[in-house]
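Here is how the chains run, residue by residue.
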Amino acid sequence: MTSRSKGPLRGGSSTSGHQRLLTLHSFALEFYILAKCPARCPPGDEIYRKDSVSVFEVDGRKNKTYCQNLCLLAKLFLDHKTLYYDVEPFLFYILTEYDRKGCHIVGYFSKEKNSFLCYNVSCILVLPPYMKRGYGKMLIDFSYALSRREGKLGSPEKPLSDLGLVSYRSYWKDKLLEYFTTYNEAEITIKHISQTLGFNPYDIVSTLQAYGMIKYHKSTHFILKRPEMLSAWKRKQAASSSLPCRSIDMARLKWTPPHQRK
């Protein structure tokens, strides 16, 4: 990522009328002028790798400058993004694609180290070149994988933006329909769905309501398996079977919850 400027830039002398090339290093997220950086991946620990996809956990306290620059980069694409300085209370999970040059940032999400409301995402972003390729849902899926590993029920920080609500509703709906196709017991409860998927019960109920899959009758709520929605979901899954799989392989997740670390 580059930008051209005619004025003096940090680290270089002033040459009036001459353009200088300012480069944002795609691995270190630091600005350079005609300089090289040895970094080939985000700082922090690689906690997941499958095929050409890796995820790194970066501590906002240990890598403050990197995380601040990451937030400033996100601010270019998220109108509601306000946090970019106070990064120390957060962990950042960086999704990357690997090639011979290194691990290129695809997107990320951040989460508070100690969230009283058990929020598992504070901010989430997929960079524009990687949109519409399944990475958004993969990041959401990864956040819930971490919540399940912690033994907690996860939920994104509220209120969600309009785009965030659309993305999460789509993800929740797909996961609920997948659950309905695989769970064959006669009785379905919100509690069992929540424990199986790691979803906050409020998010489950709001999604069921939004798609007409819950009914209130005689002081009782009934969950409805809508055959037309299940059929449409199965057709969608069959049509996407040839696309790269973005689901999380829990066997590849090498991560211990922070409170269990020595």
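Residue indices follow the written sequence of each chain, beginning from 1 at its first position. It should be noted that, the model being predicted, local features are given only for residues of pLDDT at least 70 and side-chain atom pairs only at 80 or more, the latter also being counted only at that level, while totals for whole chains, interfaces and linings use all residues. In computing side-chain values, all of the structure's heavy atoms are included and hydrogens and water are not.

On to the side chain of Arg246. Where helices and strands are cited, they refer to DSSP runs of H or I of at least four residues and of E of at least two residues respectively, numbered from the N terminus. Following the sequence through the fold, Arg246 ends up in the segment after α6 (227-239). Relative accessibility under 20% of the residue-type maximum defines a buried residue, over 50% an exposed one, and the middle range a partly exposed one, all with a 1.4 Å probe and only protein chains included. Think of it this way: Lys and Arg go in the positive column, Asp and Glu in the negative one, and His and the chain ends go nowhere. The term salt bridge refers to a pairing of a side-chain nitrogen on Lys or Arg with a carboxyl oxygen on Asp or Glu at a separation within 4 Å. No salt bridge is formed by the buried Arg246. Its closest oppositely charged neighbour is Glu97, at 4.7 Å. Polar contacts here mean pairs of N or O atoms no more than 3.5 Å apart (in protein, one a potential hydrogen donor and the other a potential acceptor; neighbouring residues in sequence count only if both atoms are side-chain atoms). Among the polar contacts listed, one links the side chain of Arg246 to the backbone oxygen of Arg133, at a separation of 3.0 Å. Engagement of the side chain of Arg246 in a polar contact is seen with the side chain of Tyr135, the distance being 3.1 Å. Contacts: residue pairs with any heavy atoms within 4.5 Å of one another. Residue contacts for Arg246: discarding those within four places in its chain leaves Val53, Arg133, Gly134, Tyr135 and Met138.

Attention now goes to the sheet that holds strand β9 (residues 123-126). Taken in spatial order, the five strands make up an open sheet running β4-β5-β6-β7-β9, and their pairing is antiparallel. This sheet does not close on itself; its edge strands, each paired only once, are β4 (45-50) and β9. Within this sheet the neighbouring strands show an average axis-to-axis angle of 20°, counted without direction. Any two strands between which DSSP finds at least two bridges are classified as paired. The pairing of strand β5 (residues 53-59) with strand β6 (residues 90-99) spans seven bridges and is classified as antiparallel. Residue Val55 lies in a different strand from β6, and its bridge partner there is Leu95. Note on geometry: axes are lines fitted to C-alpha atoms, helical ones only across the stretch in contact, with angles between N-to-C directions running from 0 to 180 degrees. Helix-sheet contacts for helix α1 (residues 64-75) involve β5, β6, β7 (102-112) and β9, and the interaxial angle to β6 is about 75°. Across the sheet, helix α2 (residues 135-150) touches β4, β5, β6, β7 and β9, and the angle it forms with β7 is around 55°.

Moving on to the packing of aromatic side chains. Here a Phe, Tyr or Trp ring, Trp counted by its six-membered ring, pairs with any other such ring whose centre lies within 6.5 Å, and the pair is stacked when the planes are under 30 degrees apart, edge-to-face when over 60, and tilted otherwise. Inspection of every chain in the model, using the stated rule, returns 11 aromatic pairs. Relative to Phe199, the ring of Tyr171 has its centre 5.9 Å away and its plane inclined at 50°; by these criteria the two rings are tilted. Of the two residues, Tyr171 sits in helix α3 (residues 162-182) while Phe199 sits in the loop between α4 (190-197) and α5 (201-210), which places them 28 residues apart along the sequence. Take Tyr171 and Phe199: they sit in the same class, and that class is buried. Taken together, a centroid distance of 5.9 Å and an interplanar angle of 70° make the contact between Tyr179 and Phe180 edge-to-face. Here Tyr179 matches Phe180 in class, with each residue buried. Grouping aromatic residues by their ring pairs yields a cluster made of Tyr48, Tyr93, Phe109 and Phe142. For a Lys NZ or an Arg CZ to count as sitting over a ring, it must be within 6 Å of the ring centre and within 35 degrees of the ring normal. One cation-aromatic arrangement involves Arg246 over Tyr135; the distance from NZ or CZ to the ring centre is 4.1 Å.

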